[in-house]
Amino acid sequence: MKISSMGEFGFINRIAPPFLKDLPDDIQGIGDDCAVIPLNGKESLLVTTDMLIENIHFIRDKISPGDLGYKSLAVNLSDIAAMGGVPESAYLSLGIPGDIDIEWLDDFYGGLNYLSKQEHVHLLGGDTTKSPAHLVINITVIGKADSQLIKYRSSAKQGDIICATGFIGDSGGGLKCVLEDKPLNDEVMYLIRQHNKPRAHIAEGVWLSNYPGVHAMMDISDGIDSDLRRILEKSQCGAEIDIDRLPISQQLRNVSARFQWDADEIALTGGEDYCLLVTIDPEKYKIISDKFNEEFKRTLPALGLITKEETKLKYFRNGKPAIFQGHGFDHFNNY
Ligand code: ADP
Ligand code: MG
């Protein structure tokens, strides 16, 4: 049997059970954005690891080494943000092909160092090996959170309002601009910047984690269509998404109109947005979104509802059911 027959998520679900079976109740193993390991009565360690492979996650001559260093760390920080934690240290392993210049690597570390200083995350170690052809980057980040405040994918409840902490689709639009070599203007450059230098929503994650009315949280790495399904599986519920209410930037709308792209599809499946997908108690949504607005000077848009129907994700447009054929990113499945 080939891995493409079950996909990335089918594979993870297949290998996980023996490793989840004997875990103590207070440890979170395979299945969320981070592993959670209680430290003492109050705090927990959060651990996450993400790998970036040349020609799968990036094309070496389409991103500057500094941006790639920045992004490699940012995508890991985003998983700590998704649990409501604060990142503290990072570990970087590289598989380096022979054709890479040392100056290229200096710039890669420069971009990574810039973000590590900005977020007070210390690079404390790693590993270096030769790679036969392609650059391989693996980062592990360790963070901390108040154990009582950690948000899990498994905590969504029927009736919750589904929100995103930022625009979705900009990164997917940026990737299309890069792959299709679109002529640069301010809007195209904005989208490419979102793709190459994503911002982990750490402050938003910590802030939201303080509200008991915030139930489930995860970061958007594979696109809402895929990521929301992970929340539905873990929380054993369904969801309805209102396509008209997707938070899409004016830049993505304009660029999509110009090149006849479907902005809704890019928003739902593009991925690599690295903002947070959050489900909120409907009775607490107004107060939390008003306070979010005061704190971050932007809205916390609602895009749908958690429903009872287990793992069913339904789409609506103008209040009517809509068929949506796209899928989020899966490493082994092209659907
Ligand atoms: P994210 O996109 O948030 O990084 P993933 O979808 O990559 O999360 O992974 C989902 C869960 O599966 C995480 O808990 C991750 O640690 C775990 N996981 C992924 N790949 C493997 C693997 N090869 N072996 C063990 N656990 C894995
Ligand atoms: Mg994640």
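All values reported here derive from a predicted model rather than from experimental measurement.

Undergrad: I'd like to hear about the overall build of the protein, residue by residue, with values.
TA: Along the backbone of the protein there are 11 helices and 12 strands. Taking 20 Å as the expected radius of gyration for a compact globule of 335 residues, we find that the protein reaches 19 Å, a close match to that expectation. Projected onto its principal axes, the C-alpha coordinates of the protein cover approximately 55 × 55 × 50 Å. In the protein, which comprises 335 residues, the proportion classed as buried is 50%. Sequence separation of at least 24 residues holds for 83% of the intrachain contacts in the protein that already meet a minimum separation of 6. Accessible surface, the protein: about 16100 Å² in total, of which carbon and sulfur atoms supply 52%.

Undergrad: Give me the lowdown on the packing of helix α6 (residues 186-196) against helix α9 (residues 250-259), citing residues and values where you can.
TA: Direction vectors running N to C along α6 and α9 enclose 115 degrees, while the axes themselves pass 9 Å from each other. Relative to α9, α6 is oriented so that their crossing is left-handed. Across from E187, V188, Y190 and L191 in α6, the residues of α9 making contact are Q251, L252, N254, V255, R258 and F259. Taken together, the residues of the contact of α6 with α9 break down into 6 nonpolar, 2 polar and 2 charged.

Undergrad: Give a detailed account of the coordination of the magnesium ion (ligand 2), specifying residues and quantitative values.
TA: Taken together, the protein donors to the magnesium ion (ligand 2) comprise D33 (OD), D79 (OD) and D219 (OD), at separations of 2.0 to 2.1 Å. All donors of the magnesium ion (ligand 2) come from a single chain, and their spacing in sequence reads D-x45-D-x139-D. With D79 in helix α3 (residues 65-82) and D219 in strand β7 (residues 214-219), this pair connects stretches of sequence that are 140 residues apart.

Undergrad: Describe the sheet that holds strand β8 (residues 238-242), listing the residues and the values that go with them.
TA: One open sheet holds the 7 strands; their spatial order is β7-β9-β6-β10-β8-β11-β12, and the pairing between them is mixed. The outermost strands of the open sheet, each flanked by one partner alone, are β7 and β12 (320-322). Neighbour-to-neighbour, the strand axes of the sheet open up by a mean angle of 30 degrees, direction not taken into account. Sheet topology note: the β7/strand β9 (residues 276-280) ladder contains 4 bridges and is antiparallel. Along β9, the bridge assignment pairs M217 with V278. Contacting β7 and β9, α3 crosses the sheet at an angle of about 170 degrees to β7.

Undergrad: Report on the sheet that holds strand β2 (residues 43-53), specifying residues and quantitative values.
TA: Strand order across the open sheet formed by 5 strands is β1-β2-β5-β3-β4, with mixed pairing between neighbours. Across the chains shown, the open sheet's two edge strands, defined by having one partner strand only, are β1 (35-38) and β4 (122-130). When the angles between neighbouring strand axes are averaged without regard to direction, this sheet yields 15 degrees. Lying on the sheet, helix α4 (residues 102-118) is in contact with β3 (86-96), β4 and β5 (136-146); it crosses β3 at an angle near 165 degrees.

Undergrad: I'd like a description of the nonpolar core, backed by residues and values.
TA: Core analysis: the largest hydrophobic core is formed by 52 residues, its most contacted members being L68, I137 and L208. If you look at the next biggest cluster of nonpolar residues, it comprises 39 residues, including I168, I192, A263 and L277.

Undergrad: Please provide a residue-by-residue account of the site of ligand 1, values included.
TA: Taken together, F9, I12, I15, I30, G31, D32, D33, D50, D79, R153 and S221 are the residues near ligand 1. Here an oxygen atom of ligand 1 and a side-chain polar atom of D33 are 3.0 Å apart. Residue S221 places a side-chain N or O atom 3.3 Å away from an oxygen atom belonging to ligand 1. Isolated, ligand 1 exposes 560 Å² of accessible area, and the fraction of that covered by the protein chains is 65%. Split by residue class, the shell around ligand 1 holds 4 nonpolar, 2 polar and 5 charged.

Cut-offs and rules
Residues numbered from 1 in each chain as written. Chains lettered and ligands numbered in written order. Predicted model: local features only at pLDDT ≥ 70, side-chain atom pairs only at ≥ 80, totals over all residues. Heavy atoms only, no water. Helix = DSSP H or I, 4+ residues; strand = E, 2+ residues; numbered from the N terminus. Rg over C-alpha atoms; globule rule 2.2 N^0.38 Å. Buried < 20%, exposed > 50% of the residue type's maximum accessible area, 1.4 Å probe, protein only. Contact = heavy atoms within 4.5 Å. Areas by Shrake-Rupley, 256 points an atom, 1.4 Å probe, with all protein chains shown as cover. Axes fitted to C-alpha atoms, helices over the stretch in contact; angles between N-to-C directions. Left-handed = near helix turned anticlockwise from the far one by under 90°. Nonpolar A, V, L, I, M, F, W, Y, C, P; charged D, E, K, R; others polar. Donors = N, O, S within 2.8 Å, 3.2 Å for Na, K, Ca; no water. Pairing = 2+ DSSP bridges. Core = buried A, V, L, I, M, F, W, Y, C linked by side-chain atoms within 4.5 Å. Near = heavy atom within 4 Å. Polar contact = N/O pair within 3.5 Å; in protein donor to acceptor, adjacent residues only side chain to side chain.

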